[in-house]
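Single-letter residue listing:
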Amino acid sequence: MAINRRDFLKFSAGTGLVLATDAKVSAAREKKELSPDAVGILYDATLCIGCMSCMVNCKKANAEPGGALYHKETAGQIPYEYEGEEQKYDAPTSLSDKTLCLIKAYRGKSEKEEGEGEFSFIKQHCLHCVDPACVSACPVQALKKQPGTGIVTYDKNRCFGCRYCQVACPFGIPMYEWEKSSPSVVKCQLCNHRIAQGGYSACCEACPTGASLFGKVTDLQEEAKRRLNLKAGDTYAYPVNHIEHGKTTEQVVPEYVDHVYGLEEAGGTQYMFLAGVDFDKLGFNPKITNQVYPDLTWEYVSHVPQLIGTLLVAGTVTRLVTQRMEKKNKDNESGE
Amino acid sequence: MESNPNIKTWTPATMVMVVLIIVGISVGLYRMIYGLGATTNLNDAYPWGFWLGLDVLGGVAMAAGGFIIACAVYLFNWKKYRPIVRPAILTAFLGYLMAVLALFLDIGHPFRLWHPSIMWQYQSVMWVVAMHVIFYTTTLALEFSPMLFERLGWEKARRAVGKIMVGAVIFGVMLSTLHQSSLGAVFLISPSKMSPLWWDTKLPFHFLVSAVAMGLAMVSFETALSKKFLHHEVDKEIFTGLARGLLIVLGFYLLLKLYQLFTVASPAMAFDGSVEGNMYLLEMFLGVILPVAILAVKKYRNDLKVIFAVNIIVIIGVILNRMNVCLFSQESYGAWRGLGYSPSWKEFLVSLGVISIGVFLYKMSAKHLPLFSH
Ligand code: SF4
Ligand code: SF4
Ligand code: SF4
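Residues numbered from 1 in each chain as written. Chains lettered and ligands numbered in written order. Predicted model: local features only at pLDDT ≥ 70, side-chain atom pairs only at ≥ 80, totals over all residues. Heavy atoms only, no water.

Moving on: the pairing of strand E11 (residues 271-274) of chain A. Across a regular strand the side chains alternate sides, sitting on one face of the sheet and then on the other. All names here are of chain A. Neither face of E11 is exposed, since Tyr271 and Phe273 on one face and Met272 and Leu274 on the opposite face are all buried. Here four bridges tie strand E1 (residues 39-44) to E11, and the two strands are oriented parallel to one another. In the strand pairing of E11, Asp44 is matched with Leu274. (Buried < 20%, exposed > 50% of the residue type's maximum accessible area, 1.4 Å probe, protein only. Helix = DSSP H or I, 4+ residues; strand = E, 2+ residues; numbered from the N terminus. Pairing = 2+ DSSP bridges.)

See below:
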């Protein structure tokens, strides 16, 4: 039976596979499903009045031990970012190593009604992706997705500061303590320390209008879809703070953009958004797609074991073949 | 074996290097004490900067010559290149040492550099990269050790390494191939930040092929230098052979990049006058198209002076490519976030220091080690 070249290639690749493949590693990457106990936040920009209670409370709650802003050296201090000399107001303009949560305002001209401008607030913090790019990127498992709650947490004692998480996160969320000689990554951890003690996210607890609503992600998804089906102008009893706590407030239903941001984006997130203004205008990178980002690198990493095997076999075979050829040449020469 | 009397230790160039090394180390210490913010212009939109682009990505690409020549000599049995196998391995070893040194300064917690070796996360490209650095630097040290043993007269140790040399080379070729491509794979996860002029699912392959080109150019370049300054006789055939190899690899790379330009990006992007477009054109014309055009002419391909010049522009071109992938490809993303980056003078000084350490060690090795004795 003649062996053609392609069969030979297949064979050598196969040998490599057998040699080096750990079956589990090379198996297709499991699709990460949303855990039924996953918790998250639904932010409805149309309800937000821009009071920034969430920002203030986020800082306070996270400056406590266990919080994402807590440092032994600065225990008891809340990391405000003052502007001007009076040092009166905490005035961050973007997320930073001192600010996990930020309210921004968008003002723009609407295309339909001339003159009358569109307006919206938007709240930025980590989206707790269902399959987070940052977790897949971190080489030392400093960033982890908690089983159950699905919260993406950070362990500063593991982190060695490569900052690949910053490169990987499509939403540009992880911030770095550039000014410290012993720096950490800083990002919202959904108030994991409070949830561990039976509480919930400080930003939602502080929100007076229900714009930031805490709950199980599945409940929040239903709630979001329900709101999109409401008729503009009707009134609706909007849940406030925590979707399971039963507190509501009656509001007139606004005109929604027919999209729940976070349902599909980056493969789905546990922090979701509703708004009356196009999401592209609200500071979301328009190049973010529904791509599950970790799949992009897994496509490569999953082939590494095979490549190791194949290259080792190919290298050895080449050496053997050239050695034999050399020997033959020598034999021929001496034979003549 | 005696030290090479042709090489003087204290030349003006060496003195300059020593000064640069001292300055670099001082700024490095400053960084260790005061942190990255005080030393660099890095920020949250540009977490990776000059050190990573030039010293780490560039340094590793520069080191590719080591595995290519080792592969040619030990695996393909191309004896012609035996005289340059040691300098090539030395360059690779030094290139990796430089990269590790730069990484040490670049990561937030230098003394946790070892963390990936015990905290595994095999889904992370960065973890794969870290493991390759560890294993390949060790392998290179092993491949380099015979030069040291020979000099010290440790015959037994030399013979012991000699026995496993072929195994080490096979292992090294595997590691190196994967490491070069893994460095490209690192960027696969950021399509929403990088310009499609560089981002592509084939990025790992692009990195590998351009590293091979860089490796060939680098080996030829330094062989020419040691011929001139260290009075080391080299056959012309080695240079022309390397130039032919360079033409083939760069030609192939050009096709890859053109394919990407027409399928993933679009030619219009390259010519739209943006920073990305201009950097792309510079990189492609200087580092790829021009050298291919020159080397395609047989007369030039056999002219040592021309080859020398081509090597230089290829080296610059590939370094430019790494800087582009790491920095300039994110220009519009950075602008969208309202942040920019250009290296601080402290970053420059550290990079200069790191490069000077590499060159200085190379020179000292050339003087004191049997680098060309084969
Ligand atoms: S938004 Fe960014 S930081 Fe947050 S979980 Fe997703 S990838 Fe990680
Ligand atoms: S900077 Fe820290 S958390 Fe981020 S990827 Fe690197 S090790 Fe992980
Ligand atoms: S969940 Fe907690 S940490 Fe995250 S933004 Fe809200 S208050 Fe801040």
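Below, the discussion takes up the site of ligand 1. Neighbouring residues of ligand 1: 13 residues in total, closest Cys126, Leu127, Cys129, Cys134 and Cys169 of chain A. Tallied by class, residues from the shell around ligand 1 come to 11 nonpolar, one polar and one charged. (Near = heavy atom within 4 Å. Nonpolar A, V, L, I, M, F, W, Y, C, P; charged D, E, K, R; others polar.)

Evaluation of the coordinates by the stated rule reveals 28 aromatic pairs over all chains. On the basis of an interplanar angle of 40° and a centroid distance of 5.5 Å, the ring pair of Tyr200 of chain A and Phe214 of chain A is categorised as tilted. Of this pair, Tyr200 of chain A sits in the loop between helix H6 (192-195) and helix H7 (202-206) while Phe214 of chain A sits in strand E8 (residues 212-216), and the two are 14 residues apart along the sequence. Neither Tyr200 of chain A nor Phe214 of chain A differs from the other in exposure class; each is buried. With 4.9 Å between their ring centres and 75° between their planes, Tyr96 of chain B and Tyr136 of chain B make a pair best called edge-to-face. Here Tyr96 of chain B is found in helix H5 (residues 85-106), whereas its partner Tyr136 of chain B is found in helix H7 (residues 125-152), with 40 residues between them in sequence. (Phe/Tyr/Trp six-rings, centres within 6.5 Å; stacked < 30°, edge-to-face > 60°.)

Bringing the nonpolar core into the picture now. In terms of nonpolar packing, the biggest core is built from 215 residues, with Tyr43 and Tyr164 of chain A touching the most fellow members. Apart from residues lying up to four places away in sequence, Tyr164 of chain A is in contact with Ala137 and Thr297 of chain A together with Trp48, Val125, Met126, Ala185, Val186 and Ile189 of chain B. (Core = buried A, V, L, I, M, F, W, Y, C linked by side-chain atoms within 4.5 Å. Contact = heavy atoms within 4.5 Å.)

On to the confidence of the model for chain A. Averaged over all residues, the pLDDT of chain A is 86; the fraction at 70 or higher stands at 88%. Scored below 50 in pLDDT, residues 1-27 of chain A shows 19 contacts in the model against residues more than four places distant or in partner chains. (pLDDT = per-residue confidence, 0-100.)

This part covers the packing of helix H3 (residues 50-62) of chain B against H5 of chain B. All names here are of chain B. Interhelical geometry of H3 versus H5 gives an angle of 160° and a closest axis separation of 8 Å. Between H3 and H5, the angle falls in the class roughly antiparallel. The crossing of H3 and H5 is left-handed. The segment H3 lies against H5, with Trp51, Leu52, Asp55, Val56, Gly59, Val60 and Met62 engaging Gly95, Tyr96, Met98, Ala99, Ala102, Leu103, Leu105 and Asp106. A class-by-class count of the residues in the contact of H3 with H5 yields 11 nonpolar, two polar and two charged. (Axes fitted to C-alpha atoms, helices over the stretch in contact; angles between N-to-C directions. Parallel < 35°, antiparallel > 145°, perpendicular 65-115°, else oblique. Left-handed = near helix turned anticlockwise from the far one by under 90°.)

Residues and elements named next belong to chain B. There is about 910 Å³ of room inside the largest pocket. Looking at the largest pocket, it is lined by 34 residues, and the ones nearest its centre are Phe221, Glu222, Leu225, Val359 and Tyr362. Classifying every residue of the lining of the largest pocket by side-chain character gives 21 nonpolar, nine polar and four charged. (1 Å grid on protein atoms, 1.4 Å probe; cavity = no way out; pocket = protein on both sides within 12 Å on 5 of 7 lines; lining within 4 Å. Points joined across faces, edges and corners; volume = space filled by probe spheres on them.)

Once that is clear, we can look at the pattern of salt bridges. Here the structure, examined in full by the defined rule, presents 19 salt bridges over all chains. In this structure, the salt-bridge partner of Asp106 of chain B is Arg163 of chain A, at a minimum N-O distance of 3.0 Å. Here the residue Asp106 of chain B occupies a position in helix H5, and Arg163 of chain A occupies one in the loop between strand E5 (152-154) and helix H5 (164-168), the pair thus bridging two chains. In this pair, the class of Asp106 of chain B matches that of Arg163 of chain A, namely buried. We note a salt bridge from Glu205 of chain A to Arg194 of chain A, for which the minimum N-O separation is 3.5 Å. Remark: Arg194 of chain A occurs in helix H6 and Glu205 of chain A occurs in helix H7; sequence separation between them is 11 residues. Judged by its relative accessible area of 41%, Glu205 of chain A is partly exposed. One salt-bridge network, held together by shared partners, links Asp44, Glu222, Glu223, Arg226 and Arg227 of chain A. (Salt bridge = Lys/Arg side-chain N within 4 Å of Asp/Glu carboxyl O.)

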